Amino acid sequence: MMSRISEMIDPVGGFVSGAIFADQQIYEQELENVWQRTWVFLAHESMLPKQGSYIQTYIGEDPVIVVRQKSGAVKAFLNQCRHRGMRICRADRGRAKSFMCSFHGWAYDLEGNLVSFPHESNAYPEGIDKSKLSAIKVPRIENYKGFIFGSWDETIPPLEEYLGNAKYYLDGYLDRYEGGMEAIAVHKWVLPANWKFNVEQPTSDMQHSEISHVSAVEALASGSDTFDRKSGRKKVPEGRQFLSPYGHGGAFFGKRGEEIPNTAPALVDWENSVRDKIEQRLGEFREVRGHMNVFPNFMMLGNYTFRVTHPRGPEEMEIWSWAFVPKDAPEEVKEAIRVDIMRTFSPGGMFEQDDAENWEEMQHILRGAKSRQTGFTYNMRRLPVVYDDDGYPGQSTAHVYSDNAALNMYGFYRDLMEGHSWEELKQMRQGVPEVDKRDFTRVMDPETAAAAAQSDGAYFPTADS
Ligand code: FES
Ligand SMILES: [Fe+2]
């Protein structure tokens, strides 16, 4: 039996079913097949400055504590007490010598090992093996240039291999400055929409800006290149979109070496003053005026908003959005970045509100049975994928408006959801991506879309399939 998920996502035909954003059964499968089997961003070095510094975050719905050890290494463990399952640590962040569960007082060290509990000698007269009652540890922790990721999957390839050519584009954001980056502020909020609506956007969708964000763009960057006030026409901007085998993607406006002004003038001035150093460091001036996502949920925007979106059921996400700044920048530049992020991509930001309006509304519509059976169209800009083109490593499309990266992301998501092992995924995701084998004669057939999306409990392969 073919699993239904492969009928719901068709990277060759350019179609994704609305059900993947709304179905409870699909969501449950994501928790296991996506969130337990990918590299998930946990913390930045600057959030864990000292021994015992910790922050609490999530891998999917699972709360984890990320802690700087005495040795200087960073470790992480499930924030769930082995006694009755209460949260071991209830603060968002801080500094600790150990963690004591506030229910009955079981205490854990910085690695998550159980070290003591009340009445130890007389309540358990036959003894208890504490070494078997550690908090569940995140087995894989790796660090890319100060950005710490974790995975529950011991078989996942090393982080750098997982990132692949996305590193080139990622470096534009996080390895731009000699002194590195630091997080100076965070906003956290809950939005009633599926987490994939958020991650799809920085992965792929630049075109919505000229419609959804037109007032914000006009207010902040009048005379911008994308909109001709006189004719009212939208110009088709230059730029590029990249995609990668494990679902990462991104896009930026402009040509090689050409910088598009940021909305924070103080940053532009400072960046111009250190441009030579950036070029030396990266080998050329690397564009960041756009956005990208490291699958599943680590996103960054051109104004140094870095964010994650935690899944909270099929109809809700929790967004955590940090303001990152170049550590070596003058205070007024750091402040300008922080204020710019407040104005643009904070919960009350001009752009963020536009995006939230779309995602919430789409989610609301998906409550309908008919709406859920609709196939959505991902067929924009039928330009081919090019390889190592014009000095851009890996796979890209020489146009900033394209659905290729989104389709490619859903293709990887489908492969994960089908439960393929990492050995299989490594083979399957090599070579020409499916989006480059597009069959443009194939039209999305509403009946097939509806049949694929009908919930009959058979989305996934069963033991006898
Ligand atoms: S649940 Fe943690 S001590 Fe009882
Ligand atoms: Fe947007």
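For the protein chain, the name recorded in an unreviewed UniProt entry is Aromatic ring-hydroxylating dioxygenase subunit alpha, with Corynebacterium lizhenjunii as its organism. UniProt lists a comment for the protein chain under the heading Sequence similarities (unreviewed entry), and it reads "Belongs to the bacterial ring-hydroxylating dioxygenase alpha subunit family."

1. Focus on the nonpolar core
Residues Ile 20 and Tyr 413 are the most contacted members of the largest nonpolar core, which totals 100 residues. For this core, the element with the highest residue contribution is helix H14 (residues 404-417), accounting for 9 residues. Those residues in contact with Tyr 413, other than ones at most four positions away along the chain, are Ile 5, Ile 9, Ile 20, Ile 26, Glu 30, Val 34, Trp 195, Lys 196 and Phe 295. Val 67, Phe 77, Tyr 108 and Leu 133 belong to the second-largest nonpolar core, a separate cluster that totals 17 residues.

2. Examining the coordination of the iron ion (ligand 2)
Coordination of the iron ion (ligand 2) by the protein involves His 208 (NE2), His 213 (NE2), Asp 355 (OD) and Asp 355 (OD), with metal-donor separations of 2.1 to 2.5 Å. Here the iron ion (ligand 2) is ringed by 4 donor atoms whose angles at the metal span 55 to 147°, and the overall shape comes out irregular. Between consecutive donor residues of the iron ion (ligand 2), the sequence gaps follow H-x4-H-x141-D. In this pair, His 208 sits in the loop between helix H6 (195-204) and helix H7 (209-212) while Asp 355 sits in helix H12 (residues 350-365), placing the two residues 147 residues apart along the sequence. Taken individually, His 208 and Asp 355 each receive the classification buried, so the pair is uniform in this respect.

3. Here we look at the sheet that holds strand E4 (residues 53-59)
Pairing is antiparallel across the open sheet formed by 4 strands, whose spatial order is E6-E5-E4-E7. Looking at strand neighbours, the two that pair on one side only are strand E6 (74-78) and strand E7 (93-95), the edges of this open sheet. The average angle at which neighbouring strand axes cross in this sheet is 30°, direction not considered. Where E4 and strand E5 (residues 62-68) come together, 6 bridges link them in antiparallel fashion. Counterpart to Tyr 58 in the pairing with E5 is Pro 63.

4. Brief notes about empty space enclosed by the protein
Evaluated as defined, the whole model comprises 2 cavities of 30 Å³ or more. Within this model, the largest cavity holds a volume of roughly 60 Å³. Looking at the lining of the largest cavity, the elements that each hand over two or more residues are helix H5 (166-174), strand E15 (249-253) and strand E16 (290-294). For the lining of the largest cavity, the element with the most residues is H5, which contributes 3 residues.

5. Structural notes on H12
Over its 16 residues, H12 runs 24 Å from end to end, which matches the ideal 22 Å to within 8%, given 1.5 Å per residue. Restricting attention to buried positions, one finds in H12 the residues Phe 351, Glu 352, Asp 355, Ala 356, Trp 359 and Gln 363. Axial view of H12: buried residues confined to an arc of 125°, hence all on one face. On its buried face, H12 is in contact with strand E13 (181-191), H6, helix H8 (214-220), strand E18 (305-311), strand E19 (317-326) and helix H11 (331-344).

Each value, and the rule that gives it
- Residues numbered from 1 in each chain as written.
- Chains lettered and ligands numbered in written order.
- Predicted model: local features only at pLDDT ≥ 70, side-chain atom pairs only at ≥ 80, totals over all residues.
- Heavy atoms only, no water.
- UniProt positions renumbered as here; feature names shortened; annotations may be inferred.
- Core = buried A, V, L, I, M, F, W, Y, C linked by side-chain atoms within 4.5 Å.
- Buried < 20%, exposed > 50% of the residue type's maximum accessible area, 1.4 Å probe, protein only.
- Helix = DSSP H or I, 4+ residues; strand = E, 2+ residues; numbered from the N terminus.
- Contact = heavy atoms within 4.5 Å.
- Donors = N, O, S within 2.8 Å, 3.2 Å for Na, K, Ca; no water.
- Tetrahedral: all angles 85-135°; square planar, octahedral: opposite > 155°, others 65-115°.
- Pairing = 2+ DSSP bridges.
- Axes fitted to C-alpha atoms, helices over the stretch in contact; angles between N-to-C directions.
- 1 Å grid on protein atoms, 1.4 Å probe; cavity = no way out; pocket = protein on both sides within 12 Å on 5 of 7 lines; lining within 4 Å.
- Points joined across faces, edges and corners; volume = space filled by probe spheres on them.
- Expected span 1.5 Å × (residues − 1).
- Arc of directions from axis to C-beta.

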